[in-house]
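Below are the chains, spelled out letter by letter.
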Amino acid sequence: MADYPFYHSHIEISGEVLQGNARYLHRNLKSGTQSMAVIKADAYGHGAVDVARAVGDLYDRFAVANVTEAVALRKAGVTKPILVFGVPVPQTVRAYPEYDLEAVVSEDGHFDLLEQGTAYHVEIDTGMGRLGILPDDLDRVRRRIESVGRIACKGVMTHFASADEGDCAKMQEQKRLLAQVREVFGGRYPLHAANSAGSLDHPDTHLDMVRHGIALYGYDPTPEPSDQLRPAMKWRSWVAQCKYIHKGDSLSYGATWQAPEDGYYAVVPTGYADGYRRGLSGRMPVRIEQRWYPQVGRVTMDYIMVWLGGDRYDAGTAVLVMGGERNHAGLWAQAIGTIPYEICCGIHTKVPRRMV
Ligand SMILES: *Cc1c(COP(=O)(O)O)cnc(C)c1O
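As the structure is a prediction and not an experimental result, all values here were calculated from the model. (Residues numbered from 1 in each chain as written. Predicted model: local features only at pLDDT ≥ 70, side-chain atom pairs only at ≥ 80, totals over all residues. Heavy atoms only, no water.)

It is worth spelling out the environment of R23 at this point. Assignment of secondary structure puts R23 in helix α1 (residues 15-27). Once the C-alpha coordinates of R23 and G275 are considered, the two residues, 252 residues apart in sequence, prove to be 30 Å apart. (Helix = DSSP H or I, 4+ residues; strand = E, 2+ residues; numbered from the N terminus.)

This brings us to α1. Taking 1.5 Å as the rise per residue, α1 with 13 residues should run 18 Å; its terminal C-alpha atoms sit 19 Å apart, in good agreement. Turning to α1, its buried residues are G15, V17, L18, N21, A22, Y24 and L25. Residues of α1 that are buried make contact with β1 (10-13), α3 (48-55), α9 (196-201), β9 (209-212), α10 (214-217) and β19 (353-355). (Expected span 1.5 Å × (residues − 1). Buried < 20%, exposed > 50% of the residue type's maximum accessible area, 1.4 Å probe, protein only. Contact = heavy atoms within 4.5 Å.)

Take the environment of E102 next. Note that E102 resides in strand β5 (residues 101-105). Spatially, the C-alpha atom of E102 lies 28 Å from that of A232, the residues being 130 residues apart in sequence. Other than its neighbours up to four places away in sequence, E102 contacts R61, P81, I82, L83, V84, Y96, A119, H121 and K154. Within the structure, E102 has its side chain in polar contact with the side chain of H121 (distance 2.8 Å). (Polar contact = N/O pair within 3.5 Å; in protein donor to acceptor, adjacent residues only side chain to side chain.)

Attention now goes to the pattern of salt bridges. What the rule picks out here adds up to 16 salt bridges. For D137, the salt bridge is made with R140, and the minimal N-O distance between the two is 3.2 Å. D137 gets classed as partly exposed once you look at its relative accessible area, which sits at 27%. Look at R140 and you get partly exposed, because its relative accessible area is 33%. Its salt-bridge partner being D204, residue K175 comes within 3.0 Å of it at the nearest N-O pair. Of this pair, K175 sits in helix α8 (residues 169-185) while D204 sits in the loop between α9 and β9, placing them 29 residues apart in sequence. Through salt bridges with shared partners, one network takes in D108, D112, D137, R140 and R144. (Salt bridge = Lys/Arg side-chain N within 4 Å of Asp/Glu carboxyl O.)

For the ligand, the set of nearby residues contains 13 residues, the closest of which are K40, Y44, S196, I214 and Y341. Measuring from an oxygen atom of the ligand, one finds a side-chain N or O atom of K40 at 2.6 Å. Note that an oxygen atom of the ligand is positioned 3.0 Å from one of the backbone N or O atoms of G213. Protein chains shield 93% of the accessible area of the ligand, which is 390 Å² for the free molecule. (Near = heavy atom within 4 Å. Areas by Shrake-Rupley, 256 points an atom, 1.4 Å probe, with all protein chains shown as cover.)

See the structure below:
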């Protein structure tokens, strides 16, 4: 810990909101369908250990991107099965049996690479064009699974490229190839394919298990989002300084904004070094004591400025910079043409996360 543990902003994660989202997402699953909480990238920036604790009773298992993330969860006392999406490599293969982690086999070499006794899932690339064995090889892979006795197949998976675009051509093509996967592997090994969008919008892809990421955190990726999911993340900072300016005076780099009248503004110590994206300059409001105020002028490395007009706040007053109904990560993403995944993961790790 730093010598003076004091932070310019912090993130609050609501365990109750996460649990509410998880319950909503489980409502449309057939009974017996297993579920996996995807908590890679530190649970999309929400804090993987705390999220695992908050929703551990509602999910059968967890998934992360790499062995380092998985080992951290084990060391924090997480005991449910953990699937590691990333490729096994010689440097990490021993960790799987040592920490009881499940591997993903996405090419033939992995069958030989994994250590005796490792549990694994086979990934088939039905069109995502990322990791996975191509569908041409399904029968050969099935024989390979049956012939390698030293490691144990616990599932067969694939990943969708466009589950969030309704029944588009790409999704239909992947469903067609998924039907082949089902023919070859169905009944032999648990099958899983659906991400959040698949789980919400494509019940025909639920199979034996679904994998929930972004929707668990409160962002509905489907074309017609429901209002049942709520963002679990609130990013809070405070007023570092409150100042008076005259009509026509400018603020911040480039002097892109001028005061429309005499009034006050707040300097808030959160900037692009923290993950407050510079592309949002002048685009999103903040909330102070239940009132909304526009962020104005360019976002700087460590600060934003907020126009208060006639209002005035003491230094130290709390500021909600992200996570309210008018400034949550979904709205940030829309404003700068990206997705809430990138916004949430993009908040710097130096910003402390607290579960509330
Ligand atoms: C990240 C990821 C998910 C979760 O996707 P969401 O859209 O966040 O639900 C599921 N499966 C795989 C393989 C992933 O990499």
